[in-house]
Amino acid sequence: MPHIDATTGLFLVFLISSVLLYLLGRFEIPFIVSLIIAGLILGQFGLLGENEIFREIADFGVMLMLFFVGVEFSIRTLWSYRKEVAIIGVGQIVLTFLPSFALLAYIFNDVRVSFILSSVITMSSTIAILSLVEKKSAIGIRYGRISFLVALIQDITSIIILVILSLITTRTDISSNLFLGLLVFTLYSVALYYFTKTKFADVLIVRDRYLIVFLAIVISFGSAVVAKLCGLSPFLGAFVAGMIISDSFFGRQIASEVLPIKEIFVGFFFIYIGSTIKIELLVQNILSTILVSVAVMFFKFLVMFLLLLFRKESIEHNLRASVLLSNMGEFGLLILSLSLSSKIITETTFIIFSSAIVISIVITSFMFHLMDKISNRVPILRIGKVGYSLGDFEVVIVGFGPVGKRVAEVLNTMNISNIILEMNSDTVRKHKNEFNIHFGDAKRENILRWAGIEKAKLLVITAPILNEALFISEKARAINPNIDILARVKFISEVEILKQNNILNVVCDETSALESLIKLLSQKV
């Protein structure tokens, strides 16, 4: 095949990936599958192959993926659901890993291979699970919460597995050097933690959006580099950096700013994985691949179903959670890729299990949607519309100036649940003990989702900036088409512009904004 320069190669990667994302997305197949298939096609034409640039981009994706796992990790969340974590989360891992390890040790007669493959079998696809649950707006419903908690415990366990795998592949001497490395990395992590609590860190974060992006990358990659220099896994470094950021004052905003970059790099990882699969080997082992997929999914479904049955979960939530967690996931692809490059597993084993992961995700997607159709005819399997969510608020307030503060006070007096998004860190710190106020940019879609915009009845935009009101309302309506919106503008001439954009509840500073806003607010809630 003729040589293709990097620019043309990137164009073809994005073109083929976009086409497949569109076509397969129409059948609600998770984007992971689309990207792996795109990589498979690109690999057959030699567009990726052993290209070091693409391999390095894929490595960046892994680092950012682990960083975001850390960002989503919350000790407080896990503690509030400690019984589910202990019984369901840990139970699923133990009851899946141990039988798999015993069987694979008997088949392969190799402890390292058995450990790797049983780890791959144990883990489920967090990305696929969240994708399916979010599309149903079910993250706060029982089965959605169970699936997310188990997936989170699996992700944390994956970090431990990757550290062990790093020791296995590099044959690191677990001695005083490792102890010294742990000590140095712990000191670095403590220093980073206290840095995120300083006033200087606040100033850096709120100063420039580009600076936020670069700081997040410096922290995630920097922690990975420090961990590697300490003789530890760089994956552990990226994960710990995410945990530290998640506990910081501005953690959610950092995650929001870096999310688009993370999606691109993680996408390249899945594309690269697809490019490593050889069609001829896959065809030769297609029966073994299908057998592994079906056997693993049945086994994982059974383990989860029995655990939830023991916990006396209702049948409709039990079945859905068990289906969602029956697949194998993206961390399995990473473990397999590292094991293949270290020559611990053969190329045939890699092909069978990596393809089985893709097949299991596809089957999970179809089964999950099939359950909705079945539940329409079987009443006992129907899910009620009422769910629980940590972000379940009736009103979302954007901006906490004098007007925003007054609105929040009125809502609190009326016992109406509300959440406030504010970009002034000093204001948030000053009032965080009095109001449910958080640092976050409402122009970011995932910040609005985090604030519970999907279930909110009312969005109040208090800052009198026309363009911001238009942009935020457009994002909010895309998530929740039925939400009512109250907005504020400076001039009467701007009122008509908002009304033309379907924002009918508008108050104007030229006509006593505060009184008008309070009056409209009382009518709406």
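Residues numbered from 1 in each chain as written. Predicted model: local features only at pLDDT ≥ 70, side-chain atom pairs only at ≥ 80, totals over all residues. Heavy atoms only, no water.

1. Points about the overall build of the chain
Check the secondary structure of the chain and you find 24 helices and 6 strands. Within the chain, the fraction of its 525 residues that count as buried is 52%. Within the chain, contacts between residues separated by at least 24 positions form 74% of all contacts whose residues are at least 6 apart in sequence. Carbon and sulfur atoms provide 64% of the accessible area of the chain, an area that totals close to 24500 Å². (Helix = DSSP H or I, 4+ residues; strand = E, 2+ residues; numbered from the N terminus. Buried < 20%, exposed > 50% of the residue type's maximum accessible area, 1.4 Å probe, protein only. Contact = heavy atoms within 4.5 Å. Areas by Shrake-Rupley, 256 points an atom, 1.4 Å probe, with all protein chains shown as cover.)

2. Regarding the pairing of strand S4 (residues 458-461)
Both faces of S4 are covered, namely the face carrying Leu-458 and Val-460 and the face carrying Leu-459 and Ile-461. Pairing geometry for strand S1 (residues 395-398) and S4, over 4 bridges, is parallel. Along S4, the bridge assignment pairs Val-395 with Leu-458. Bridge count for S4 against strand S5 (residues 484-489) is 4 bridges, and the pairing is parallel. Counterpart to Leu-458 in the pairing with S5 is Asp-484. (Pairing = 2+ DSSP bridges.)

3. Here's the deal with the pattern of salt bridges
A complete count under the given rule lists 4 salt bridges for this structure. Residue Glu-409 is joined to Arg-406 by a salt bridge in which the shortest nitrogen-to-oxygen separation is 3.9 Å. Within this pair, Glu-409 and its partner Arg-406 are both found in helix H19 (residues 402-413), separated by 3 residues, close to a single helical turn. Two residues, Lys-443 and Glu-468, come together in a salt bridge whose shortest N-O distance is 3.7 Å. One end of the pair, Lys-443, is in the loop between strand S3 (437-439) and helix H21 (445-450); the other, Glu-468, is in helix H22 (residues 466-479), and 25 residues separate them in sequence. Lys-443 gets classed as partly exposed once you look at its relative accessible area, which sits at 24%. (Salt bridge = Lys/Arg side-chain N within 4 Å of Asp/Glu carboxyl O.)

4. A look at the confidence of the model for the chain
When pLDDT drops low, the exact placement of atoms in the prediction is not to be read closely. Here the chain averages 78 in pLDDT, and 82% of its residues register 70 or above. For the stretch residues 385-391, pLDDT sits under 50, and the model shows 15 contacts to residues farther than four places along the chain or on other chains. (pLDDT = per-residue confidence, 0-100.)

5. A look at the environment of Leu-486
Mapped onto the elements of the fold, Leu-486 is located in strand S5. Separated by 20 residues in sequence, Leu-486 and Val-506 have C-alpha atoms that sit 5.8 Å apart.

6. Focus: the side chain of Ser-339
Position of Ser-339 among the secondary structure elements: in helix H17 (residues 330-341). Contacts of Ser-339, omitting those with residues within four sequence positions, involve Ile-116, Leu-165, Ile-344 and Ile-345.

7. Let's talk about the packing of aromatic side chains
As enumerated under the stated definition, the model contains 8 aromatic pairs in all. Centroid distance Phe-14 to Phe-268: 5.8 Å. Interplanar angle 90°. Geometry classified as edge-to-face. Here Phe-14 is found in helix H1 (residues 6-25), whereas its partner Phe-268 is found in helix H13 (residues 251-275), with 254 residues between them in sequence. Owing to a relative accessible area of 7%, Phe-268 belongs among the buried residues under this scheme. Over the ring of Tyr-143 we find Arg-320, and its NZ or CZ is 6.0 Å from the ring centre. (Phe/Tyr/Trp six-rings, centres within 6.5 Å; stacked < 30°, edge-to-face > 60°. Lys NZ or Arg CZ within 6 Å of the ring centre and 35° of its normal.)

8. Concerning the nonpolar core
One finds Leu-66, Leu-162, Phe-270 and Leu-336 to be the most contacted residues of the largest nonpolar core, which totals 103 residues. Within the second largest apolar cluster, 26 residues are counted, among which are Leu-421, Ala-442, Ile-479 and Ile-503. (Core = buried A, V, L, I, M, F, W, Y, C linked by side-chain atoms within 4.5 Å.)

9. Points about helix H16 (residues 315-324)
With 9 of 10 residues buried, H16 is to be regarded as a mostly interior element. Those residues of H16 lying buried are Glu-316, His-317, Asn-318, Leu-319, Arg-320, Ala-321, Ser-322, Val-323 and Leu-324.

10. Description of helix H23 (residues 492-500)
Taken as a whole, H23 has its buried residues at Glu-494, Val-495 and Leu-498. Across the axial projection of H23, the buried residues extend over an arc of 115°, all falling on one side. For H23, exposure combined with an orientation more than 90 degrees from the buried face picks out Ser-493 and Gln-500. Where H23 ends, the next residue or the one after it, Asn-502, has phi of about 65°, a positive value. (Arc of directions from axis to C-beta.)

11. Considerations on the environment of Ser-355
Following the sequence through the fold, Ser-355 ends up in helix H18 (residues 347-375). Overall, Ser-355 belongs to the buried group, its relative accessible area being 6%. Separated by 63 residues in sequence, Ser-355 and Val-292 have C-alpha atoms that sit 9.6 Å apart. Excluding its chain neighbours within four sequence positions, the residues that come into contact with Ser-355 are Ile-277, Leu-282, Thr-289 and Phe-350.

12. Considering the side chain of Ser-125
Examined against the element boundaries, Ser-125 turns out to sit in the loop between helix H6 (111-122) and helix H7 (126-135). What Ser-125 contacts, discounting residues up to four positions off in sequence, is Ile-32, Asn-327, Met-328, Gly-329, Glu-330 and Ile-361.

13. Here's the deal with the packing of H16 against H18
At a minimum axis separation of 9 Å, H16 and H18 run at an interaxial angle of 165°. In terms of their interaxial angle, H16 and H18 are classed as roughly antiparallel. H18 is crossed by H16, and the crossing has left-handed handedness. Residue-level inspection shows Leu-319, Arg-320, Val-323 and Leu-324 of H16 in contact with H18, the latter providing Thr-364, Met-367, Phe-368, Met-371, Asp-372 and Ser-375. Here the residues of the contact of H16 with H18 are counted per class, giving 6 nonpolar, 2 polar and 2 charged. (Axes fitted to C-alpha atoms, helices over the stretch in contact; angles between N-to-C directions. Parallel < 35°, antiparallel > 145°, perpendicular 65-115°, else oblique. Left-handed = near helix turned anticlockwise from the far one by under 90°. Nonpolar A, V, L, I, M, F, W, Y, C, P; charged D, E, K, R; others polar.)

14. What about unusual backbone geometry?
Its identity as a non-glycine residue notwithstanding, Asn-109 has a phi of 55°, on the positive side. Structurally, the position occupied by Asn-109 is in the loop between helix H5 (82-108) and H6. One non-glycine residue, Lys-312, lies in the positive phi region at around 60°. With respect to the helices and strands, Lys-312 occurs in the loop between helix H15 (286-310) and H16. You can call Lys-312 exposed: its relative accessible area is 77%.

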